[in-house]
Amino acid sequence: MTESGAVEEFLAYLRLECHLAATTVEAYRQDLEALIAFCHAEARDPGDPRAGADFMVQEAARAASATVARRRAALNRWYRFLQARGQALEDWELPKVAL
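Caption draft 1: Quick peek at the overall build of the protein. From N to C terminus, the protein includes four helices and zero strands. Ordered by position from N to C terminus, the α and β elements of the protein give α-α-α-α. Relative to its full complement of 99 residues, the protein shows a buried share of 38%. Pairs at least 24 apart in sequence give 55% of the contacts found in the protein among residues at least 6 apart. By element, 50% of the accessible surface of the protein is carried by carbon and sulfur atoms, the whole surface being about 5600 Å².

Here it is in structure tokens:
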């Protein structure tokens, strides 16, 4: 599955199975786009939770605390989604960052 295909499948999952509000799904889309941009700039895989952890450290240093908290929630769901489909590492946990 392509990167964009995985993101679209994830967003559909959030809408249809998790019943998240459209505004939340759109915010999560933006969060994943930011992660993907970070990973492309760093030549990293956005499906690797270690890249997500490094992204979150960067975000904690520059983004508002509410944004950081939402991005952490989005990435946790993203990696759980990938893990459930056998596409992410089995053992992972995003670091808690100071808000």
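From this point, the narrative continues.
Caption draft 2: Representation of the packing of aromatic side chains. What the rule picks out here adds up to six aromatic pairs. An angle of 20° between the planes, with centres 6.5 Å apart, marks the rings of W78 and F81 as stacked. Here W78 pairs with F81, and both are found in helix 4 (residues 65-84), just three residues apart, close to one helical turn. As far as the burial class goes, W78 and F81 line up, both buried.

Caption draft 3: Region of interest: helix 3 (residues 49-62). Between its first and last C-alpha, helix 3 extends 20 Å over 14 residues, near the 20 Å set by a 1.5 Å rise per residue. Among the residues of helix 3, those classed as buried are P49, A51, G52, A53, F55, M56 and E59. Capping of helix 3 at its N-terminal end is provided by D48; its side-chain oxygen lies 2.9 Å from the backbone amide nitrogen of R50.

Caption draft 4: Region of interest: the nonpolar core. F10, L32, L35, L75 and W78 are the most contacted members of the largest nonpolar core, which totals 22 residues. When residues of this core are traced back to their parent elements, those giving at least two are helix 1 (3-16), helix 2 (22-42), helix 3 and helix 4.

So, how was this worked out
- Residues numbered from 1 in each chain as written.
- Predicted model: local features only at pLDDT ≥ 70, side-chain atom pairs only at ≥ 80, totals over all residues.
- Heavy atoms only, no water.
- Helix = DSSP H or I, 4+ residues; strand = E, 2+ residues; numbered from the N terminus.
- Buried < 20%, exposed > 50% of the residue type's maximum accessible area, 1.4 Å probe, protein only.
- Contact = heavy atoms within 4.5 Å.
- Areas by Shrake-Rupley, 256 points an atom, 1.4 Å probe, with all protein chains shown as cover.
- Phe/Tyr/Trp six-rings, centres within 6.5 Å; stacked < 30°, edge-to-face > 60°.
- Expected span 1.5 Å × (residues − 1).
- Polar contact = N/O pair within 3.5 Å; in protein donor to acceptor, adjacent residues only side chain to side chain.
- Core = buried A, V, L, I, M, F, W, Y, C linked by side-chain atoms within 4.5 Å.

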